[in-house]
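Given next are the chains, with one letter for each unit.
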Amino acid sequence: MSTDQYKTIATPAEGILYKDRNSKFIGFAYPVKNEEEIKTILENIRQQHKGANHVCYAWQLGMDTVSWRANDDGEPNNSAGLPIYGQIQAFELTQVLVAVVRYFGGTKLGVGGLISAYKKTAQLTLEEVKTIKKTIFSTLAVELDYSSINPVMRLIKKYQLQLLDQSSGARVRYRLNVPRNKAQEVIKKFEAMKGVDVNLNK
């Protein structure tokens, strides 16, 4: 995958059921932006499944610098969260939360059985969702003289840059989104133009 793209899921999946020896495992997957959103979703799942024995989950955020967490929620260490996280990695996803609710069916599955069941539920859940590739953008602040509008607009059109906003006063100001792997190339083009100043917004 190119350095300006990442893979995530387009829509949530909820209520994907897997059974093993009377234990019920129910899978959920959500596209997420941040930890605050993850916390809210997990609280909602716990509210909907107050009678469940465990709500185990894993998530991953970020593109270059990745943060992730795997939670066993009372199951034996590494028997639930990590198998779920392994499926997030297997599907090469980020910006995603996968949770599995377990209702105990009276028969202990053992650590190996739990690993298998949580992995399978996560896999079935992620197979239900549509995955999409998203582009990572850099934002440019461009300030220009009115005489430079036409060449600047031609460059915007050529590189299919996204115009986020514009303002005008003594000079014209644009904020533009550019695919990250094209940012330096586009900046050089702008810098070569007379009457144009460009800065990369961090």
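My aim in this report is to walk through the structure given alongside it, one point at a time. (Residues numbered from 1 in each chain as written. Predicted model: local features only at pLDDT ≥ 70, side-chain atom pairs only at ≥ 80, totals over all residues. Heavy atoms only, no water.)

1. Remarks on the overall build of the chain
Moving on, step 1. Looking only at helices and strands, the chain features five helices and eleven strands.
Moving on, step 2. Computed over C-alpha atoms, the radius of gyration of the chain comes to 23 Å, more than 25% over the 17 Å expected from 2.2 N^0.38 for 202 residues, which places it beyond the range of a compact globule.
Moving on, step 3. Once the C-alpha set of the chain is aligned to its principal axes, its extents read approximately 75 × 30 × 25 Å.
Moving on, step 4. A burial count over the chain gives 43% of its 202 residues as buried.
Moving on, step 5. In the chain, the proportion of contacts linking residues at least 24 apart, taken out of those at least 6 apart, comes to 71%. (Helix = DSSP H or I, 4+ residues; strand = E, 2+ residues; numbered from the N terminus. Rg over C-alpha atoms; globule rule 2.2 N^0.38 Å. Buried < 20%, exposed > 50% of the residue type's maximum accessible area, 1.4 Å probe, protein only. Contact = heavy atoms within 4.5 Å.)

2. Things to note about the sheet that holds strand β2 (residues 13-20)
Moving on, step 1. With antiparallel pairing, the five strands of this open sheet are ordered in space as β2-β3-β6-β4-β5. Pairing within the sheet leaves two strands with one partner each, and these edge strands are β2 and β5 (67-71). Within the sheet, the average angular offset between the axes of one strand and its neighbour, ignoring direction, is 15°.
Moving on, step 2. In terms of strand pairing, β2 meets strand β3 (residues 23-31) through seven bridges, oriented antiparallel. Considered in β3, the bridge of lysine 19 is made with lysine 24.
Moving on, step 3. Relative to strand β4 (residues 54-61), helix α1 (residues 35-48) is tilted by about 160°, and along the sheet it contacts β3, β4, β5 and β6 (96-103). (Pairing = 2+ DSSP bridges. Axes fitted to C-alpha atoms, helices over the stretch in contact; angles between N-to-C directions.)

3. Here's the deal with the pattern of salt bridges
Moving on, step 1. For the structure shown, the criterion picks out eight salt bridges.
Moving on, step 2. Linking aspartate 165 and arginine 175 is a salt bridge whose minimum nitrogen-to-oxygen distance equals 3.0 Å. In this pair, aspartate 165 sits in strand β9 (residues 162-168) while arginine 175 sits in strand β10 (residues 172-179), placing the two residues ten residues apart along the sequence.
Moving on, step 3. Residue classification places aspartate 165 among the partly exposed residues on the basis of a relative accessible area of 38%. (Salt bridge = Lys/Arg side-chain N within 4 Å of Asp/Glu carboxyl O.)

4. Here we look at the sheet that holds β10
Strands pair in a sheet through their backbones, by hydrogen bonds, and they do so in one of two ways: parallel or antiparallel.
Moving on, step 1. Across the sheet, which stays open at both edges, the four strands sit in the order β9-β10-β8-β11 with antiparallel pairing between neighbours. Here the strands that pair on one side only, and so sit at the sheet edges, are β9 and β11 (196-201). Adjacent strand axes in the sheet meet at a mean angle of 20° when their direction is disregarded.
Moving on, step 2. Packing of helix α4 (residues 149-158) onto the sheet brings it into contact with β8 (137-144), β10 and β11, and relative to β10 it is tilted by some 20°.
Moving on, step 3. Contacting β8, β10 and β11, helix α5 (residues 183-191) crosses the sheet at an angle of about 160° to β11.

5. Structural notes on the nonpolar core
Moving on, step 1. Ile9, Ala29, Ile84, Ile88, Val98, Tyr118 and Leu126 are the most contacted members of the largest nonpolar core, which has 22 residues in total.
Moving on, step 2. Of all elements in the fold, only β2, β3, β4, α2 (81-90), β6 and α3 (110-128) reach the threshold of two or more residues within this core.
Moving on, step 3. It is α3 that provides the largest number of residues to this core, a total of five residues.
Moving on, step 4. Discounting chain neighbours no more than four positions away, the residues touching tyrosine 118 are Phe25, His54, Cys56, Glu75, Ser79, Ala80, Pro83, Ile84, Val100 and Arg102.
Moving on, step 5. Leu140, Val142, Met193 and Val198 belong to the second largest nonpolar core, which has 19 residues in total. (Core = buried A, V, L, I, M, F, W, Y, C linked by side-chain atoms within 4.5 Å.)

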